Amino acid sequence: MSNEIAEKIKGMLVERLRIPADELEYDSELFGEDIGLDSIDSIEIVVGIENLFGVDLSGASKEDFRSIETLTAYVEAHKED
Amino acid sequence: MLDVKRCVITGLGLVCAIGNDTDECFESALNGRSGIADVKCFDTSNCYSHKGAEVGLATGELAKGKYDRTTALGIKAAGEAIADSGLDMNSEAASEIGVILGSCIAGAASVEKYYRDKENGGKGSIDDLKAIPASVIAGNVADYYKAGGITANIVNACAAGTLSVALAIDLIRGGKGEIFLAGGCDAFASLPFSGFHALKALDANECSPFNHSEGITLGEGAGVLVVESYEHAVKRGAKIYCDVLGSGVSSDAYHITAPRPDGEGQMSVIRRAVDNSGLTANDIEYVNAHGTGTAKNDEAEFLSLKICFEGNDHVYASSTKSMTGHCLGAAGAIEAVLTVKALTEGKLPPTTGYTEEDLGVLKEKAGAVNFIANKPVRKDINYAMSNSFAFGGNNASIVFAKDPNPVKNTVRKYDLYVTGIGAVTGEYSEETGDYRANIDADTFKSYGVKTAFLRKLDRLSQLQLLSGIKALEDAGITVNEDNEDLIGICIGTSDGPMTEIANFQKGIIRDGVDKGSAFAFPNTVYNAAGGYLSIFTGIKGYNVTIANGNQSGLQSICAASGAILFGYEDIMLATGTDECTEIDDGLYSDLGLKGKGGFTLGEGSVTCVIEKDSSADARGAKRYAKIAGFSSVRDTSGDTANNQRMSEAALTKALENVLAEAGMKPEDISCIYGFGNGIDKIDVFEMEVYKKIFSDNIEVRLVKQDFGEARAASASLQFAMLAKDIDEGRAANGIAVSFGTSALYSAVLLTGA
């Protein structure tokens, strides 16, 4: 997993969705009870990822949104260098 | 006992995309003429939707071109309503006409102009700056027509227009006025378009309510109704359209943007309105539905209408938003005007846009409710309802009738007590030069607020949530299934979520209309704070947010008291909340009100629990003080072109009113909690008025020297500290006083419990 991408995604989540940085690990369940993201947040993630990496998440599955790790993997697989 | 006066509609005014006056709009609605076209007032080329329902009049053509577009639309509709009602605004009668207007986006067009100018290196125009907050709208409309009655801006997003009419009825029945211009106004602006675009809640094509339901189309406009006591209308020989029987207001306590899928909140408000009107669901013959065109709304509304009107095979329903677009804070008012026309002319407007194939699907979804499709229905009816459901889970409903209220003539007058106080105040910071509250995550955690919930809330909402939770705790109230419908919320704020509004708009200016934040947008509506408080606590009763300058923190107590007196709730949380951030700091600095010769800005939130005697008795509740009188007064003395003016006559009248209501004399008052904020002109004026009414020795206690000018929060704090002083023997009777724009004053008299 690219730490650089993961860190950028984490920064985006902290800034755009006001998730406290100290409560957010790479494997935290984003849509679980602790972080508690919902459908509005997922729209925000789509825009955030597109702005950061130019990657379109509209084809991604629910599983791809599970954590920073899975989002990073999706970005790595779909990013055009 | 209180008389439940007959309230009637004596004038109508309307402007929206389907017409520039009431007749033209109603004619268009009957003929299915849509006002939806490609958006003209800003560039949507990067957006997936380009549709909007704009009014065909430039801002310069409205109200002499002097006002923000939202206010200018309100002035246009108010002018028509005044002319239609036959009121002579040059006569003595004008002095008693109040103005209550709903708005969702307020001066969003001015927000854009102001920050775009700054972005381009300019200073930002002071006129634009002054036009930004919702607090100025009703006062500006009232001043424009020299209407001298009280004002209120109701800012409950898409339910605001309906709530304004509901509040007007309550004020008339509560003896606080005889005649109101009530309605709502909102302009087409980039902020809501970008927000709904981000939420993917715009239809790519023309909206299709109760049909394809793929999103809304935004519109703009204003609707104003002259709401008047029957006696007053008869006395002046007014033409009467119909009665307005009653209203319902409720909260979903579910989600900040989405309605409850089970329709519970919608059904609750329909039942409240029907019951408050002395009717049964079987009496209702036409419903102007909320019908936005989003899948979530339409599904919930199909369900709630089917269940509420089960067994009623003669009720018709339609969504006129299919033609007017969704006009947000104006929507309920526009639809109220169309509903009055439908009722009085016996012509029910349709929902448009159905194909033959669609009609088959509609039949399956509609059940026994007769959804009017494409063509109007001619039918003589007696009772009609208009419903609005908003962000924050706010629901409102009003009922119009061709005949007077057949049931309730009087309601019992309750004694009202302050039974709980929750306060969040600021501390002076050398670094920022103002008073800021310390609200950290650990404090919220100690009250069981999880990070997942808290992170959604903007600063204003966090301040409000904390004081609300503290007040419930102090009152010893646990919200549960038994009392969730008996508790309501009335939020007062001067500037609302200005930080969120400004930052969202700045984002659009920087990145484009297509790049708005879905996360931030829900917090740009003024009633988000009240919505979150309802969601977290589970309170499902009355829910209104009033944005009307500093005195909002006392006007909320007046409105909350009314909600209890009319039997809507047993308990109300009445609040005053305003934030102080770099944004607020910048705005007040630019206005020249902060700093040398001005005040020190503050922030905070104060929630007071107001409770009726029988409820407090049953709970064995602690009582801080008893509310013995409340009054709001304004006038049009002085220069009405200056909405920062002061009025000795209006302040004097407010104080005289509360003394009379409490049956007290000036010498009975031990102290006043005043509004002095360090601006010499205001402080001197205030003291002079008190000395004239009371004595040279009247004790005036101030809160702003210790906590800064926290606007609505200061007004609520004045009230709360007075209640504590009375409880702890530092005062026998006292009055809390505050002021708003356009010479509006509110006073509340407290005495021992």
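Residues numbered from 1 in each chain as written. Chains lettered and ligands numbered in written order. Predicted model: local features only at pLDDT ≥ 70, side-chain atom pairs only at ≥ 80, totals over all residues.

**Concerning the overall build of chain A**
To be explicit about the condition: Put simply, DSSP marks the helices as runs of H or I at least four residues long and the strands as runs of E at least two long, and each gets a number from the N terminus on. Computation of the radius of gyration draws on C-alpha atoms, with the globule rule given as 2.2 Å multiplied by the number of residues to the power 0.38. The exposure scheme places C-beta atoms from the backbone and then counts, for each residue, the other C-beta atoms within 10 Å of its own, assigning buried at 20 or more, exposed at 12 or fewer, and partly exposed in between. Contacts are defined on C-beta atoms placed from the backbone: any two residues whose C-beta positions lie within 7 Å are in contact.
Secondary structure summary: chain A contains 3 helices and 0 strands in total. Traced from its N-terminal end to its C-terminal end, chain A shows the element sequence α-α-α. Against the compact-globule benchmark of 12 Å for 81 residues, chain A has a radius of gyration of 11 Å, which places it among compact chains. Taken along its principal axes, the extent of the C-alpha atoms in chain A is 35 × 25 × 20 Å. The buried share of chain A, reckoned over its 81 residues, is 32%. In chain A, once contacts between residues fewer than 6 apart in sequence are set aside, the share between residues at least 24 apart is 54%.

**Considering the overall build of chain B**
A count of helical and extended segments in chain B gives 25 helices and 29 strands. Seen along its three principal axes, the alpha-carbon backbone of chain B occupies a region of about 75 × 60 × 55 Å. When burial is assessed residue by residue, chain B has 66% of its 753 residues classed as buried. A fraction of 82% describes how many contacts in chain B between residues 6 or more apart in sequence connect residues 24 or more apart.

**Examining the interface of chain B and chain A**
Put simply, the rule is: We call Asp, Glu, Lys and Arg charged. Ala, Val, Leu, Ile, Met, Phe, Trp, Tyr, Cys and Pro are nonpolar, and the rest, Gly among them, are polar.
The interface is formed by 13 residues belonging to chain B together with 14 residues belonging to chain A. Residue contributions to the side of chain B that touches chain A peak at 3 residues, all from helix α15 (residues 451-454) of chain B. When its residues are assigned to classes, the side of chain B that touches chain A shows 7 nonpolar, 3 polar and 3 charged.

**Brief notes about the nonpolar core**
Residue and element names in this part refer to chain B. Our working definition: Here, a nonpolar core denotes buried Ala, Val, Leu, Ile, Met, Phe, Trp, Tyr and Cys residues that are linked to one another through C-beta atoms within 7 Å. The split of the chain into domains comes from an automatic or database domain assignment.
Core analysis: the biggest nonpolar cluster contains 285 residues, and Leu225, Val227, Cys608, Ile610 and Val748 have the highest contact counts within it. If one sorts the elements of this core by residue count, helix α25 (residues 712-727) sits on top with 10 residues. Taken together, domain 1 (8-404) and domain 2 (416-751) each give at least three residues to this core, which thus spans both. Residues in contact with Cys608, not counting those within four places in the same chain, are Val418, Ile421, Ala471, Ile557, Ala574, Ser716, Phe719 and Ala720.

**Remarks on the environment of B:Ser517**
As for its position among the elements, B:Ser517 is in the loop between α17 (498-511) and α18 (528-537). Judged by local crowding, B:Ser517 falls into the buried class, with 26 C-beta atoms found within 10 Å. Separated by 213 residues in sequence, B:Ser517 and B:Arg730 have C-alpha atoms that sit 50 Å apart. What B:Ser517 contacts, discounting residues up to four positions off in sequence, is A:Arg16, A:Glu44, B:Ala198, B:Phe504 and B:Gly507.

**Re the domain arrangement of chain B**
Where interface size is given, it is often the accessible area lost as the parts come together that is meant. Residues and elements named next belong to chain B. In terms of domain boundaries, chain B breaks down into domain 1 (8-404) and domain 2 (416-751). Centre-to-centre, using C-alpha coordinates, domain 1 lies 27 Å away from domain 2. In this complex, domain 1 contributes 59 residues to the contact, which on the side of domain 2 involves 61 residues. Taken together, the elements giving at least two residues each to the side of domain 1 that touches domain 2 come down to α3 (108-119), α5 (137-144), β6 (151-154), α6 (160-173), α7 (190-198) and β9 (242-251). It is α7 that provides the largest number of residues to the side of domain 1 that touches domain 2, a total of 7 residues.

**Looking at the pairing of strand β29 (residues 744-751) of chain B**
Residues and elements named next belong to chain B. Just so we agree on the cut-off: Strand pairing requires that DSSP identify at least two bridges connecting the strands.
When you tally the buried positions in β29, you get 7 out of 8 residues, the bulk of the element. Pairing geometry for strand β25 (residues 625-634) and β29, over 8 bridges, is antiparallel. Within β29, the position partnered with Ser632 by the bridge is Ser746. Counting the residues that bridge the hairpin from strand β28 (residues 733-739) to β29 gives 4 residues, and of these Ser742 lies at a positive phi of roughly 55 degrees.

**A look at the packing of helix α1 (residues 3-17) of chain A against helix α3 (residues 68-78) of chain A**
Residues and elements named next belong to chain A. Put simply, the test is: Axis definition: a line fitted to C-alpha atoms, over the contacting stretch in the case of helices. Angles run 0 to 180 degrees between N-to-C directions. Note that the term roughly parallel is reserved for angles under 35 degrees, roughly antiparallel for angles over 145, roughly perpendicular for angles of 65 to 115, and oblique for everything else. Should the near helix be turned anticlockwise from the far one by less than a right angle, the crossing is termed left-handed; should it be turned clockwise, right-handed.
At their nearest, the axes of α1 and α3 sit 9 Å apart, and the two run at 120 degrees to each other. Comparing the axis directions of α1 and α3 gives the class oblique. The handedness of the crossing between α1 and α3 is right-handed. Residue-level inspection shows Ile5, Ala6, Ile9 and Lys10 of α1 in contact with α3, the latter providing Ile68, Leu71, Thr72, Val75 and Glu76. The residue makeup of the contact of α1 with α3, split by class, is 6 nonpolar, 1 polar and 2 charged.

**Quick notes on the environment of B:Ala131**
Residue and element names in this part refer to chain B. For Ala131, the position within the fold is in the loop between α4 (126-130) and α5. The buried category is assigned to Ala131, around which 25 C-beta atoms lie within 10 Å. As for Ala131 and Tyr67, which are separated by 64 residues in sequence, their C-alpha atoms are 7.4 Å apart. With near-sequence residues (within four places) excluded, Ala131 lies in contact with Tyr67, Asp68, Thr71, Gly107, Ser110 and Val136.

**Some thoughts on the pairing of strand β24 (residues 604-612) of chain B**
Residues and elements named next belong to chain B. Of all 9 residues in β24, 9 are buried; the element is thus mostly enclosed. The side-chain alternation of β24 yields two buried faces, one formed by Gly604, Val606, Cys608, Ile610 and Lys612 and the other by Ser605, Thr607, Val609 and Glu611. Bridge count for strand β23 (residues 571-578) against β24 is 8 bridges, and the pairing is antiparallel. Bridge pairing in β24 links Ile571 to Glu611.

**As for α18(B)**
All names here are of chain B. Of all the 10 residues making up α18, 10 are buried; the element is thus mostly covered by neighbouring parts of the structure. Here α18 has its buried residues at Ala528, Ala529, Gly530, Gly531, Tyr532, Leu533, Ser534, Ile535, Phe536 and Thr537. Of the residues trailing α18, Gly538 is marked for its positive phi of about 85 degrees.

**Some thoughts on the environment of B:Gly567**
Residues and elements named next belong to chain B. Mapped onto the elements of the fold, Gly567 is located in the loop between α19 (552-565) and β23. Judged by the 15 C-beta atoms lying within 10 Å of it, Gly567 falls in the partly exposed class. Placed 301 residues apart in sequence, Gly567 and Gln266 show a C-alpha to C-alpha distance of 19 Å.

**With respect to unusual backbone geometry**
Residue and element names in this part refer to chain B. One non-glycine residue, Lys146, adopts positive backbone phi at about 55 degrees. Tracing the sequence through the fold places Lys146 in the loop between α5 and β6. Its identity is not glycine, yet Ser213 carries a phi of approximately 45 degrees, on the positive side. Examined against the element boundaries, Ser213 turns out to sit in the loop between α7 and β8 (221-229). By C-beta crowding, Ser213 is classed as buried, having 22 other C-beta atoms within 10 Å.

**Description of helix α22 (residues 648-662) of chain B**
Residue and element names in this part refer to chain B. What counts, and what does not: Helix span is expected to be 1.5 Å times the residue number reduced by one.
Helix length check: α22, at 15 residues, gives a terminal C-alpha distance of 21 Å against a target of 21 Å (1.5 Å per residue), a fit within 8%. Within the span of α22, buried status applies to Ala650, Leu651, Ala654, Leu655, Val658, Leu659 and Ala662. Structurally, α22 contributes buried residues whose contacts are with β25, α23 (680-693), β28 and β29.

**Overview of the packing of helix α2 (residues 69-85) of chain B against α5(B)**
Residues and elements named next belong to chain B. For the pair α2 and α5, the least separation of the axes is 10 Å and the interaxial angle reads 45 degrees. The angle between α2 and α5 falls in the class oblique. In terms of crossing hand, the pair formed by α2 and α5 is right-handed. Judged by residue contacts, Thr70, Thr71, Gly74, Ile75 and Ala78 of α2 engage Ile137, Asn140, Val141 and Tyr144 from α5. For the contact of α2 with α5, the class distribution of residues is 5 nonpolar, 4 polar and no charged.

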